[in-house]
Amino acid sequence: MTAAPPVPPPVPLSRNRDYRLLWGGQALSEFGFHSALIAFPLLVLALTGSGAASGLVMGTIAAAQMVAGLPAGVLVDRYDRKAIMLGCEAAQAVSAISLVAAVWAGAATVWHMVAVAAVFGASAALFEPAESASLPALVADEHLPTAVAMNTARASMGQLAGTATGGFLFAVGRFVPFLVDAVTHTLSFVVLLFVRLPRRERPTGGAPLGREALAGLRWVWRERRIRVTVVCAVVLNLFFSAYYLVVIVLAESRGVPSGEVGVMAAMLGVGGVLGALVAPVLHRRLGAYGGIIAVFWALAVLAPVTVLMDSGYLIGVLFALIALFPPTANTAIMTEQLLRTPDELRGRLTSTLVLACGAASAAGPALGGSLAQALPGDRALLLCSAGMAAAAVLATLSPTLRTLSRRHESGRPATAG
């Protein structure tokens, strides 16, 4: 018998044309999005002077993401994912251009901005699961952790650069941040046209959206490894969001200048970028289980140290250290989940995770605020730290997390159920 020809090695990410195009286009898009995001409240305040109106516009983005979350996963699993991503980019570009024209003409209204914010939020809710679900079709399994980590780094860099630049652009002209947003989304749309994403067979006889969304939730809950990693992500978001708000309250009560508080927030972003860049290395060395556990213990050990600090700069350094590890956990969780999930459910998997983490991120500040109101700042912080330590112990002892790195000979994780 003739020996089968050797299988060529997978294309590395540095030479993966389609992944590089997608990554580069989204780097532009996220920069523009965050430039516009920071300019939204500035524009509302400049036009109306109303903090409530500003909160309405900003809250609309988060609300639209939450409302569109589960239906978005079903649509991503049912229809062409590249077409969905193109539609999201086009919708954001058109809505941003409409706001540029209104501001230029002096005709911008709060309700117009609310409508644009709703488009932004719904588009983000659709694009993220579409992109995540497409990654296994664009990169080889062994390169998926690096691709996930690079996407995390891209998001962190886009948030840092866009947020830092948006205020300066607004100072140049009220419409300028939204013009930049329109241009970047347009460029991303053009770049995305050249991404070669394999076509999927469209499912036939689809059930109603609500029923398919519930089916996705039930599947996620039945799959033990996926269920546990989702819980880990939710717990991390809940505790850290609560801890972050308590630290801000504690810093202000100790007279930390507002400028230093801004440095604290910036250092969190810097740590996130650095953590995303080293995440592929840490993921290879620590594995999925070690990467997730490292985040819990980093929070549990470093968080209570904040009680001893009165300097915003020192707290910023601590924030940077804490932020080094979450990208590794994100890499481990997303890689394991994407490889264990059938392609026809990957959109709903990602939308479920985004929705759950978003709810935890929203509940965390409420929890932190309640603790800061009911207890002195240092006690509230120590209580948050105790919760993180308890979660770290439970995660470390979890038999399910210990099995995450077990793989078949093929290199693909075992598919549960």
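Values in this document were obtained by computation on a predicted structure and should not be read as measured data.

Criteria and thresholds
Residues numbered from 1 in each chain as written. Predicted model: local features only at pLDDT ≥ 70, side-chain atom pairs only at ≥ 80, totals over all residues. Heavy atoms only, no water. Helix = DSSP H or I, 4+ residues; strand = E, 2+ residues; numbered from the N terminus. Buried < 20%, exposed > 50% of the residue type's maximum accessible area, 1.4 Å probe, protein only. Expected span 1.5 Å × (residues − 1). Polar contact = N/O pair within 3.5 Å; in protein donor to acceptor, adjacent residues only side chain to side chain. Contact = heavy atoms within 4.5 Å. Salt bridge = Lys/Arg side-chain N within 4 Å of Asp/Glu carboxyl O.

Undergrad: Quick question: what am I supposed to make of the environment of V281 here?
TA: With respect to the helices, strands and loops of the structure, V281 is situated in helix α9 (residues 258-302). When its relative accessible area of 36% is taken as the criterion, V281 is described as partly exposed.

Undergrad: Where do I start with helix α3 (residues 81-105) in this structure?
TA: For α3, spanning 25 residues, the distance from its first C-alpha to its last is 36 Å, which sits close to the expected 36 Å at 1.5 Å a residue. Of the residues that open α3, the one with a side-chain oxygen 3.3 Å from the backbone nitrogen of K82 is D80. Immediately downstream of α3, the backbone of G106 shows phi near 70°, a positive value.

Undergrad: Would you explain the side chain of E131 in this entry?
TA: One can find E131 in helix α4 (residues 110-138). Residue classification places E131 among the buried residues on the basis of a relative accessible area of 6%. Excluding residues that lie within four positions of it along the chain, E131 makes contacts with L22, Q26, M85, N151 and R154.

Undergrad: Explanation requested: helix α6 (residues 176-193) in the structure shown.
TA: Counting along an α-helix, one turn takes 3.6 residues, and residues three or four places apart therefore face a common direction. With 18 residues, α6 extends 26 Å between its outermost C-alpha atoms, agreeing within 8% with the 26 Å of an ideal straight helix rising 1.5 Å per residue. Residues of α6 that are buried: V176, P177, F178, D181, A182, T184, H185, S188 and L192. The elements touched by buried residues of α6 are α1 (17-48), α3, α4 and α5 (144-172).

Undergrad: Is there a simple way to think about the pattern of salt bridges in this case?
TA: Side chains bearing opposite charge may pair, as long as their charged atoms lie close to each other. All chains considered together, the criterion is met by eight salt bridges. Between R81 and D343 there is a salt bridge, with the nearest N and O atoms lying 2.9 Å from each other. Taken together, the positions of R81 in helix α3 and D343 in the loop between α11 (326-340) and α12 (346-374) put the pair 262 residues apart, joining distant regions of the chain. Judged by its relative accessible area of 26%, D343 is partly exposed. In the salt-bridge network here, residues are joined through shared partners; they are D77, R81, D343, R346 and R348.

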